[in-house]
Every structure is written in structure tokens, then in C-alpha cells.
Amino acid sequence: MASVTYEHVWKRFGDFIALNDLNIKIEDKEFLVLVGPSGCGKTTALRCLAGLEEISDGAILIGDQKVNDVAPKDRDIAMVFQSYALYPHMSVFDNMAFGLKLRKVPKEEIRKRVEEAAQVLGIEHLLKRKPRELSGGQRQRVAVGRAIVREPKVFLFDEPLSNLDAKLRVQTRAEISKLHQRLQTTFIYVTHDQTEAMTMATRIAVMNKGVLQQLDTPQTLYDRPANLFVAGFIGSPSMNFFSGSLRKDGANLFVDTGDFAIKVPENRVATYMPLAGKEIVFGIRPEDIHNPTFAPPGIHAEPVEAKVDVTELMGNEIFLYLVTGKHSCVARVDPRTRFMIGDKVQVVFNMDNFHIFDLSTDRENPLAVR
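Along each chain, residue indices are assigned from 1 in the same order as the chain's sequence is written. With pLDDT at 70 or above as the cut-off, local features in this predicted model cover only qualifying residues; side-chain atom pairs require 80 or more to be listed or tallied, and sums for whole chains, interfaces and linings still use all residues. Values shown for side chains rest on all heavy atoms present in the structure; no hydrogens or waters enter the calculation.

A. Here's a closer look at the packing of helix α2 (residues 92-102) against helix α4 (residues 136-148). As a packed pair, α2 and α4 sit with axes 8 Å apart at the nearest point and diverge in direction by 35°. For the element pair α2 and α4, the recorded crossing hand is right-handed. Along the contact surface, α2 presents Val92, Asn95 and Met96, while α4 presents Val142, Gly145 and Arg146. Along the lines of polarity and charge, the residues of the contact of α2 with α4 split into three nonpolar, two polar and one charged. Axis lines are fitted to C-alpha atoms, over the contacting stretch for helices. Their N-to-C directions set the angle, which ranges from 0 to 180 degrees. Strands here are runs of E lasting at least two residues and helices are runs of H or I lasting at least four, both read from the DSSP assignment and numbered beginning at the N terminus. Handedness of a crossing is defined here by the sense of rotation of the near helix relative to the far one, left-handed for an anticlockwise turn of less than a right angle and right-handed for a clockwise turn. Only heavy atoms enter the contact rule, under which two residues are in contact if any of them lie within 4.5 Å. When residue character is reported, Ala, Val, Leu, Ile, Met, Phe, Trp, Tyr, Cys and Pro are called nonpolar, Asp, Glu, Lys and Arg charged, and the others, Gly included, polar.

B. How the structure looks around unusual backbone geometry. Geometrically, the link from Ser236 to Pro237 is a cis peptide bond, its omega value of -5° lying close to zero. Relative to the helices and strands, Pro237 resides in the loop between α8 (228-233) and β11 (240-249). The phi dihedral of Lys29 falls on the positive side, at around 70°, and the residue is not glycine. Topologically, Lys29 is positioned in the loop between β2 (16-26) and β3 (31-35). Of note in the backbone geometry, Glu159 takes a positive phi value of approximately 45° without being a glycine. As for its placement among the helices and strands, Glu159 is situated in the loop between β7 (154-158) and α5 (166-183). For every residue, the accessible area (1.4 Å probe, protein chains only) is compared with the maximum for its type, and the residue is labelled buried under 20%, exposed over 50%, or partly exposed between those bounds. Accessibility expressed as a relative area gives 14% for Glu159, which makes it buried.

C. Layout of the packing of aromatic side chains. Whether two aromatic rings pair depends on their centres lying within 6.5 Å, for rings of Phe, Tyr and Trp, where Trp uses its six-membered ring; planes under 30 degrees apart make the pair stacked, over 60 edge-to-face, and the rest tilted. Counting across every chain of the model gives 16 aromatic pairs. Put simply, the rings of Phe242, Phe260, Tyr272, Phe282, Phe349 and Phe354 pair up and form one aromatic cluster. When the NZ atom of lysine or the CZ atom of arginine is within 6 Å of a ring's centre and also within 35 degrees of its normal, the charge is said to sit over that ring. One residue, Arg268, lies across the ring of Phe354, its end atom 4.2 Å from the ring centre. The lysine or arginine in question, Arg285, covers the ring of Tyr222, its NZ or CZ lying 3.9 Å from the ring centre.

D. A look at the pattern of salt bridges. Salt bridge, as applied in this entry: a Lys or Arg side-chain nitrogen positioned within 4 Å of an Asp or Glu carboxyl oxygen. Here the structure, examined in full by the defined rule, presents 18 salt bridges. For Arg203, the salt bridge identified is with Glu30, shortest N-O distance 2.4 Å. Residue Arg203 is located in strand β9 (residues 203-208), and its partner Glu30 is located in the loop between β2 and β3; the two are separated by 173 residues in the primary sequence. The closest approach of N and O atoms between Arg332 and Glu317, which form a salt bridge, is 3.0 Å. Highlighted residues: Arg332 in strand β18 (residues 327-333) and Glu317 in the loop between β16 (301-313) and β17 (318-324), separated in sequence by 15 residues. Residue class for Glu317 comes out buried when judged on its relative accessible area of 17%. What you see here is one network of salt bridges that share partners, running through Lys11, Arg47 and Glu53.

E. Structural view of the nonpolar core. Among buried residues, those of type Ala, Val, Leu, Ile, Met, Phe, Trp, Tyr and Cys that are joined through side-chain atoms within 4.5 Å constitute a nonpolar core. Counting residues in each nonpolar core, the largest one holds 45 residues, and the members touching the most others are Met96, Phe157, Ile176 and Tyr189. Filtering out sequence-adjacent residues up to four positions away, Phe157 remains in contact with Leu46, Val80, Val144, Ile176, Phe187, Ile188, Tyr189 and Val190.

F. Fine view of the sheet that holds β17. The five strands are arranged β15-β19-β16-β17-β18 in an open sheet whose pairing can be described as antiparallel. A single partner strand is all that each edge strand has here, and the edge strands are β15 (289-290) and β18. Note that β16 and strand β19 (residues 344-350) share seven bridges and pair antiparallel. Each residue of the ladder has a partner; that of Glu305, found in β19, is Gln346. Only strands joined by at least two bridges in the DSSP assignment are considered to pair.

G. Representation of helix α3 (residues 107-121). With 15 residues, α3 should reach 21 Å at 1.5 Å per residue; the first-to-last C-alpha distance of 21 Å fits that figure. If you check which residues of α3 are buried, you get Ile110, Arg113, Val114, Ala117, Ala118 and Leu121. All buried residues of α3 project into a common sector of 130° when viewed along the axis, lining one side. Summarising the geometry of α3, the exposed residues directed more than 90 degrees from the buried face are Glu108 and Gln119. In the core, the buried residues of α3 are packed alongside α2, α4 and α5. Gly122 lies just past α3 and shows a positive phi near 70°. Expected helix span is given by 1.5 Å per residue-to-residue step, counting one fewer step than there are residues. The directions from the helix axis to the C-beta atoms form the arc being described.

Right, here's the structure in full:
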């Protein structure tokens, strides 16, 4: 088992910078997820660790060993790709055993490792089948099993669930999480799906345009995003944003969007007073916009007038797509809500949970409290 460290890692493809001074310390046995939109550099970071790409500057360490010049086969890592990359003419057993055979591992040891890995993954009854006889989920488990039998220090997963249907993705996601608990090995997992990241990770590294935006636990990223990008990327539906300004009125502070003005609770005024008079972006999550009839008791509820544009009944909740002047937003409301498309309604914002970002920096006041 081993930690992994990126120290000031740069990766350039000609004039294009894929990784921009990346610094991450991944602890031993941690499940770290690299997440971000397509082209953000997350897969490049994984490939550099695997030795499939040479870094331009900086250093990568596995444990205490610098591996910049170490061949991929000697880095003691195992990688699971988006495509299953199984040999179609080989049985499941032979696919899983192939890497061990190349390393001249004794036959009895190969059999033992393959059978143990197959049992862990629940595919012991498939060992004699060929890949064409397997479902997508079974093929993915074979690909994971091929990595497990190597008993590496670090597992690398490059969007392994993207080829699976929605139901199977949820099931396999849970299996990979249980596998991490069982193996107690360092996992580094790349995805563009923030739901996968939130449900699986010990910590999440959010990346954009080759730059690490924030590295923290899933709950901290959700509750205290460092900037507008992280706030908009983490959460589904994503956070609502309203451009406007902070207006001081005596001892009170108001968020003024031009379409509506709402009062900042007294316990948060001191935090945001330095931004008074400045252009800001006000952020609030869909679950903090309520139908007043079903709003939780005891919250700082500020009313806002809106028009219902679209409704989506999800069974246990309703998504309301609302328009307030030049702004639009999404509310996640109680399923007993009977608002209809075109209705002019009043909703309430829970001002116990909101974010204010300085437009000049895209960052939230670091003294903000929750």
C-alpha cells in the first residue's frame, strides 16, 4: 500500500497546458476522486501517474519513491479503463490471469489469486466464459478483477462506469465502494459525474482547465465551495446563481438582484459587510427554495415572487423551473405542491443556507460561516 503525491506537476502538449502546477497528496488507503468537465486534465493526471504520459515538470511519488523515470510496468499500479479492453478469444480466467502469466507467477498462485478475486466480485461462475457471453456489468467486473489479481499498491480507475446503463451504474458504483473497503488499498478514480464523486470518495479533487480548484471531503465541497466553478459543479441540480450587489441599509444588509431584494440574516451581516456596495453573485441551492406552505419551521425565510416555467414531478419531490425577471432558477419542493406552468407564485429562500461570491475574484468570503 502507498500514498501518491503530485508535486508541482505540469503537462504540456505543445502550447496547450493540460496540467497547471498540480499539487495533491493522496493518503495511503484513501479513495480520491478526480472530477471535472471534459478536458479539465483529470485523465491526463491519471495517465501521468500510470506512466502512460511523461510529465513536463514537477515530480510524482508513489510512497517515497519518485517515479518520473520509472517504467509503467514497474510502478506497481493497476489501471481499469473506460473500455473493458478484454481479449475476446480468451476466457474470463485467462483474461484475469494474463498479466500474472507475463510476470512468470507460478500457476498455483495464479489460480489462487484469480479465484479469490472472482469470489470478491461475484463472478466465480463466469470464469470459463468468453467476453462475448457476458453483460456489460460482468465485463467491467472482469476488468476490475484483472487489476485486483496483481495486488498493486494503487488502483487507477478511468471513468469505468460510463459505458453502463443507469441502473447498472448505481449497482457497480456500490460494488467498487465495497471493494475499496475490503481491499484497503489506495484508489484514484476519474469521472465527470459529480454524483459518482460525491457517493464514493473519501476526498474529491475538483479540476477545471488543468487547475486544481478545490480538494476536500464531499460534504465540505457541497457546504463550502471555494469558488463559483465548484459551487456550480457540485450538486444536482446545480446551485442557482443571481448576479447583483450587496446594499447596506443602516445596520441591515440586502442582496439586490434588480428583480428582488432579500435581507441577509443578522448573524451573517458582519461576514459579508466588507462586500457592501460591490457586485456579487448570490448562490442558493434548489433544496433551499421552498413552497411557503411546506417550508421547514424555524428558518430565515425570505419571500420572492416568481413565475413557474416548467414542472418536473420526480415522485418524492418536484423540480420547479422558475423565472424572476431576468433571472431563472430551479427549486426542489415538496411533492404536495400544486403549482402549475404559468402560475405567478411566491416561494421562500432559506437564508440560513446561501453563498455570496465576490464577482471580482469568483471566490466566497473565506470567513463565511455555515
